[in-house]
Amino acid sequence: MTDLAPSRTHGPLGPLAISLSGGGYRAAAFHLGMLRLLHRAGLLDDVVGLSTVSGGTLVGMSWTVSLLDGESFPDFHTRFADWMQRTNVIADALDSLTERRSESRDAWPSLIRGAAGVYDRPDLLNGRRFGELLAARGLPLRQIIFNSTEFHTGVDFRFRVAESPLARIGNGNYRVPRTVAEHLRLADIAAASSCFPGGFEPIVFPQHFSWPKEFPLADALRELGPSYASGLPLMDGGIYDNQGIDALVLALARSDAETLLISDVSAQQTDIYNVPPPSHSRGYLTLQWVARLGWVLFLLALVSAVLLGLDALRAIGDGSWRWTDNFVYLFPGFLAAGVVAGLVWLRQRLQTGAALVQRDVSVNVWDAVRGLTVPEVQELVALRVSSLLSLTSSIFMKRVRGLVYKGVYRDDKYKGRRMASLIYSLTLDWPRLYGQHPWLRPSADLVALARSVSAMGTTLWFDRDVRFEPLDRAGQATTCFILLKHIIEDRPEYDTPGTPLNALFERLRAMWIEYNGPAQP
């Protein structure tokens, strides 16, 4: 393949390259609204580059497949919106955990492989393979990147389609030959890109991917080589870059024509974590007393098991055993013996853990904590777990996001050719812009809409609190606003009557007046 699309003339903004951030269904619905706005404005055919992460991959991949099939955008929008509103990915994936697993790759239950099965249903990806995109001709897209993160070297792992057949799939440490990549199931790629930590376990490449009969796993491993023998754990692309910007900028490094449009549903975070107030009561039961009570329970259970066993043997020996004695001797004896075995096992595990800590930090943990009460230990554990979750899910991602944006906005190559459609853009104040163009100021209803969708959680389902319609509308309105802001600030020739840019500006202005009115029911 030498071309994904023939040469063509682009609209007044030139070729566009878009990145769709992660964020579950919140992201997918917001990005779908963004695509809908580009379609209404006549700009969707100008999109030549696409980079997606997690929830952005769900909508971006589905849209790409619709282009392969020649489906109109309105039909795609209706179909994908319907799929999201009736599909609870987590619930359906959980249902698959107990299904019979006959293949060796399914020897143990996996929620992320269950999610891949949901994506692969006939109403979404329907068994499609990556090879269809690699071999595609006539698509407007010249760069397609679905991002995940590999956990061996901790960098981006990219499923990429490009004009050049030499374009790398994977990364510099782990490459995937095209002869292998063409057999990848799109649903598995979507699962790898949306496999967020905490919600899912890693999906292992290639062992956990579904391979066709004509190209089984053994063939894939043979071509991939020994570096993949033990498998490569893949997880959410948002771990490395939740906006997908880095991959897109690298892919466009040799081009200076594209305008970047970043669609980002990362919420503003000014209060990421608060330490909960300490308990007013320290409590009385210390770990030392818990240990002593454990010994008492152990001895009582041991004596009970022995006495019940002796009485059972006596009853059997003198022939007085009746079936009701099963409930008098046998079952209570097993229960007491189980308590003894459980306490012995628990003590061994605690001793092993304490020995590991002492080996690493030269501290006798038991001597340090034996005087703490149970509520105090609970607070110590809760504070560490909650702060660690905030660190990994918010602070690290916020830092990476800032670095990525800083790189793009400091790059003179994209000066005047970059836009960020943030889910909270309509809540920000732009005094100079609104002073010169007061008609562009969002209405109170639109600001309230932006605030409400920004506060929505990251889920893979819709419910009463997280709904499709507000997100879709917010995606359209925000993108319309950002395009107008870009044209006014970076395309001063827009006010020349009769030019294509002026015609685009007037179309967008008319749509903005529509969006900026009262929210439709």
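Keep in mind it's a predicted model, so treat the numbers as computed, not measured. Residue numbering note: each chain is counted from 1, following its sequence as written. Restriction of local features to residues with pLDDT of at least 70 applies here, the model being predicted, together with a cutoff of 80 or more for giving and counting side-chain atom pairs; totals for whole chains, interfaces and linings are based on all residues. Processing note: side-chain calculations cover all non-hydrogen atoms of the structure and skip hydrogens and water entirely.

1. A look at the layout of surface pockets
Taken as a whole, the second largest pocket spans an internal volume of roughly 840 Å³. Along its surface, the second largest pocket is lined by 24 residues, and A291, L346, R347, L350 and W366 are the ones closest to its centre. Secondary-structure elements contributing two or more residues to the lining of the second largest pocket are α12 (287-317), α13 (325-361) and α14 (365-369). At 11 residues, α13 tops the list of elements feeding residues into the lining of the second largest pocket. Of the residues in the lining of the second largest pocket, the class split is 14 nonpolar, 7 polar and 3 charged. Of the two site types, the cavity is a set of points on a 1 Å grid over the protein atoms alone where a 1.4 Å probe fits but cannot get out, and the pocket is an open set with protein on both sides within 12 Å along at least five of seven lines, each lined by residues with an atom within 4 Å of a point. Grid points are joined across faces, edges and corners, and a volume is the space filled by probe spheres set on the points. Helix numbering and strand numbering both begin at the N terminus, where a helix is a DSSP run of H or I of at least 4 residues and a strand a DSSP run of E of at least 2. Note on residue classes: Ala, Val, Leu, Ile, Met, Phe, Trp, Tyr, Cys and Pro are nonpolar, Asp, Glu, Lys and Arg are charged, and everything else, Gly too, is polar.

2. Considering the side chain of R491
Residue placement: R491 occurs in the loop between α18 (468-490) and α19 (500-515). Burial classes follow relative accessibility: with a 1.4 Å probe on protein chains only, a residue under 20% of its type's maximum area counts as buried, one over 50% as exposed, and anything between as partly exposed. Neither His nor the chain termini are counted; the positive set is Lys and Arg, and the negative set is Asp and Glu. The salt bridge criterion pairs a side-chain nitrogen of Lys or Arg with a carboxyl oxygen of Asp or Glu, the two atoms within 4 Å. It is E493 that comes nearest to the buried, bridge-free R491 among opposite-charge side chains, at 5.2 Å. Residue contacts follow a heavy-atom distance rule, with two residues in contact if any of their heavy atoms lie within 4.5 Å. Leaving out residues up to four positions away in the same chain, R491 has contacts with P12, L13, T259, G416, R417, H486 and L501.

3. Some remarks on the domain arrangement of the protein chain
The split into domains, and so the bounds of each, comes from an automatic or database assignment of domains. Domain assignment breaks the protein chain into domain 1 (16-265 + 408-428) and domain 2 (287-372). Centre-to-centre separation of domain 1 and domain 2, based on C-alpha positions: 52 Å.

4. Side note on the packing of aromatic side chains
The aromatic pairing rule takes the rings of Phe, Tyr and Trp, using the six-membered ring of Trp, and pairs them if the centres are within 6.5 Å, calling planes under 30 degrees apart stacked, those over 60 edge-to-face and the rest tilted. Inspection of every chain in the model, using the stated rule, returns 24 aromatic pairs. Taken together, a centroid distance of 5.6 Å and an interplanar angle of 80° make the contact between F205 and Y228 edge-to-face. Here F205, found in strand β5 (residues 203-205), pairs with Y228, found in the loop between α9 (217-224) and β6 (232-236); they are 23 residues apart in sequence, far enough to count as distant. Three or more aromatic residues joined by ring pairs make a cluster, and in this case those are Y25, F73, F76, F80, W83, Y119, F462 and F468. Its guanidinium or amino end placed over the ring of W430, K485 lies 4.2 Å from that ring's centre, counting from NZ or CZ. Should the NZ of a Lys or the CZ of an Arg lie within 6 Å of a ring centre and within 35 degrees of the ring normal, that charge is described as sitting over the ring.

5. Structural notes on the UniProt feature "transmembrane region" (unreviewed entry) in the protein chain
Here the UniProt feature "transmembrane region" (unreviewed entry) sits at residues 289-307 and 327-346. End C-alpha atoms of residues 327-346 are separated by 27 Å, and the span's content is 100% helix alongside 0% strand. UniProt positions are given in the numbering used here, feature names are shortened, and annotations may be inferred rather than shown by experiment.

6. Quick word on the packing of helix α1 (residues 24-41) against helix α2 (residues 55-68)
Remark: α1 packs on α2, axes separated minimally by 6 Å, with the N-to-C direction vectors making an angle of 40°. When the axes of α1 and α2 are compared, the pair comes out oblique. For the pair α1 and α2, the sense of crossing is right-handed. Note on element contacts: α2 touches α1 through G55, G56, L58, V59 and W63, opposite G24, Y25, A27, A28, H31, L32 and L35. For the contact of α1 with α2, the residue count by class is 8 nonpolar, 4 polar and no charged. To obtain an axis, a line is fitted to C-alpha atoms, over the contacting stretch when the element is a helix, and the angle between two such axes runs from 0 to 180 degrees between their N-to-C directions. Roughly parallel means an angle under 35 degrees; roughly antiparallel means over 145; roughly perpendicular covers 65 to 115; every other angle is labelled oblique. We call a crossing left-handed when the near helix sits turned anticlockwise from the far one by less than a right angle, and right-handed when that turn is clockwise.

7. Notes on the pairing of strand β3 (residues 143-150)
Here is the key point about a regular strand: its side chains alternate between the two faces of the sheet. Within β3, 8 of the 8 residues are buried, leaving the element largely enclosed by the surrounding structure. Neither face of β3 is left uncovered, since the one carrying Q143, I145, N147 and T149 and the one carrying I144, F146, S148 and E150 both have all their residues buried. Pairing of β3 with strand β4 (residues 155-162) involves 8 bridges; the strand directions are antiparallel. Its bridge partner lying in β4, Q143 is registered against A162. Connecting the antiparallel pair β3 and β4 is a turn made up of 4 residues, with G154 showing a positive phi of about 70°. At least two bridges found by DSSP between two strands is the condition for calling them paired.

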